[in-house]
Amino acid sequence: MSGILYLCATPIGNLSDITFRVLDTLKEVDLIAAEDTRNSIRLLNHFEIKTPMTSYHEHNKYEKAETLLSKLKAGANIALITDAGTPAISDPGEVLVKLCLESGITVTSLPGACACITALTLSGLATRRFCFEGFLPADKKERTQVLESLKKETRTTILYEAPHHLKATLKVLYKELGDRKLTICRELTKKFETIMPTTLEESLSYYEENEPKGEYVLVLEGCSKELIKREEEETWQQMSVREHYEKYLNSGMDKKTAMKEVAKDRNVSKREIYNQLLEGN
């Protein structure tokens, strides 16, 4: 009979945030797979947990996942923990989870601390719709693609950032997205937790005088629908009504539908578009 993979959320700062269920599971499983054993040993020692531990991190996530999968198939129960928070969120754990599910291994998640959700609830920004980007990609091309997608993202966006990259990240966000509301969450659940509602522009000035310290979660206001609509209208105004109309025709629309869409884009009546087309505009 195969074992079970337990995804165990660990504290993101305050050790009191660990759940009784996680503690019981860490004591009862056969093995704990940890992102950084040197960091996790402090957690285990604090709660007097003696379960054997092995490393599972970004640089060995593929080959080690196969090793852990073999143990699970042989009947071992394994707990997966990350340095802080919920495993598999912006974390190598997603590789192991995918492999287990493909192999028919039972996976269950023991909920607990999660920095992105904690920051979102503290941000004061819209919480009904949001997206999580984690750390911006180090690769320049990938980073450009992500930033391009965020320009018209209307949902609240959550990002992670390390202190030595914070100022550079704020600069590129301001450059690419313009000024937006921003809540900077620092050292969540820890003694020096700081929640700073600000804007991208104001944050740049602040960190010119204050050196970033600690781990950061950035909660960024989404692009307003009104701004997107205004920019689209400006784009349409740069082409003639005829060009606009033919753009839709070339996409496969019939004449009636194309005329209706042009009127909608330009925020005018369909009759007005019809008359302009008759006039040759």
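Residues numbered from 1 in each chain as written. Predicted model: local features only at pLDDT ≥ 70, side-chain atom pairs only at ≥ 80, totals over all residues. Heavy atoms only, no water.

A closer look at the sheet that holds strand E10 (residues 216-220)
Then step 1. If you walk across this open sheet you meet the 5 strands as E6-E7-E10-E8-E9, and the pairing is mixed. Looking at strand neighbours, the two that pair on one side only are strand E6 (130-134) and strand E9 (194-199), the edges of this open sheet. Strand after strand, the sheet turns through a mean of 20 degrees between neighbouring axes, direction not considered.
Then step 2. As paired strands, strand E8 (residues 181-186) and E9 are joined by 6 bridges and run antiparallel to one another. Pairing of cysteine 185 across the sheet is with isoleucine 195, part of E9. (Pairing = 2+ DSSP bridges. Helix = DSSP H or I, 4+ residues; strand = E, 2+ residues; numbered from the N terminus. Axes fitted to C-alpha atoms, helices over the stretch in contact; angles between N-to-C directions.)

Digging into the pattern of salt bridges
Then step 1. Using the criterion set out here, one finds 8 salt bridges in the structure.
Then step 2. Note that lysine 151 is salt-bridged to glutamate 148, the shortest N-O span being 3.2 Å.
Then step 3. Lysine 151 sits in the partly exposed class, given a relative accessible area of 28%.
Then step 4. With a shortest N-O distance of 3.5 Å, glutamate 211 and lysine 167 are connected by a salt bridge. One end of the pair, glutamate 211, is in the loop between helix H8 (200-209) and E10; the other, lysine 167, is in helix H7 (residues 166-177), and 44 residues separate them in sequence.
Then step 5. One continuous salt-bridge network, built from bridges that share partners, spans Glu148, Lys151 and Glu176. (Salt bridge = Lys/Arg side-chain N within 4 Å of Asp/Glu carboxyl O. Buried < 20%, exposed > 50% of the residue type's maximum accessible area, 1.4 Å probe, protein only.)

A word on empty space enclosed by the protein
The gaps left among the atoms become clear once a water-sized probe is rolled over them.
Then step 1. Within the structure shown, the criterion is met by 1 cavity of 30 Å³ or more.
Then step 2. Of the volumes computed, that of the largest cavity is approximately 30 Å³.
Then step 3. Split by residue class, the lining of the largest cavity holds 4 nonpolar, 2 polar and 2 charged. (1 Å grid on protein atoms, 1.4 Å probe; cavity = no way out; pocket = protein on both sides within 12 Å on 5 of 7 lines; lining within 4 Å. Points joined across faces, edges and corners; volume = space filled by probe spheres on them. Nonpolar A, V, L, I, M, F, W, Y, C, P; charged D, E, K, R; others polar.)

Observations concerning the packing of aromatic side chains
Between two aromatic rings, the relevant description is the distance of the centres plus the angle of the planes.
Then step 1. Applying the stated criterion across every chain yields a total of 4 aromatic pairs.
Then step 2. Considering the side-chain rings of tyrosine 206 and tyrosine 207, the 4.9 Å spacing of their centres and the 90 degrees angle between planes classify their relative orientation as edge-to-face.
Then step 3. Measuring from ring centre to ring centre gives 6.1 Å for tyrosine 207 and tyrosine 216, while their planes differ by 85 degrees; the resulting arrangement is edge-to-face.
Then step 4. For tyrosine 207, a relative accessible area of 5% gives the class buried.
Then step 5. Judged by its relative accessible area of 4%, tyrosine 216 is buried.
Then step 6. A connected cluster of aromatic rings, assembled from ring pairs, spans Phe132, Phe135 and Tyr160. (Phe/Tyr/Trp six-rings, centres within 6.5 Å; stacked < 30°, edge-to-face > 60°.)

Digging into a positive patch on the surface
Then step 1. Together, Lys256, Lys260, Lys264 and Lys270 make up a region of like positive charge exposed at the surface.
Then step 2. No other element matches helix H11 (residues 255-266), which puts 3 residues into the positive patch.
Then step 3. The topology assignment puts lysine 256 in helix H11.
Then step 4. Note on lysine 256: relative accessible area 61%, which makes it exposed. (Patch = residues over 30% accessible without salt bridge, like charges linked within 9 Å, V, L, I, M, F, W, Y side chains within 5 Å. Areas by Shrake-Rupley, 256 points an atom, 1.4 Å probe, with all protein chains shown as cover. Lys, Arg positive; Asp, Glu negative; His and termini not counted. Charge placed at Lys NZ, Arg CZ, Asp CG, Glu CD.)

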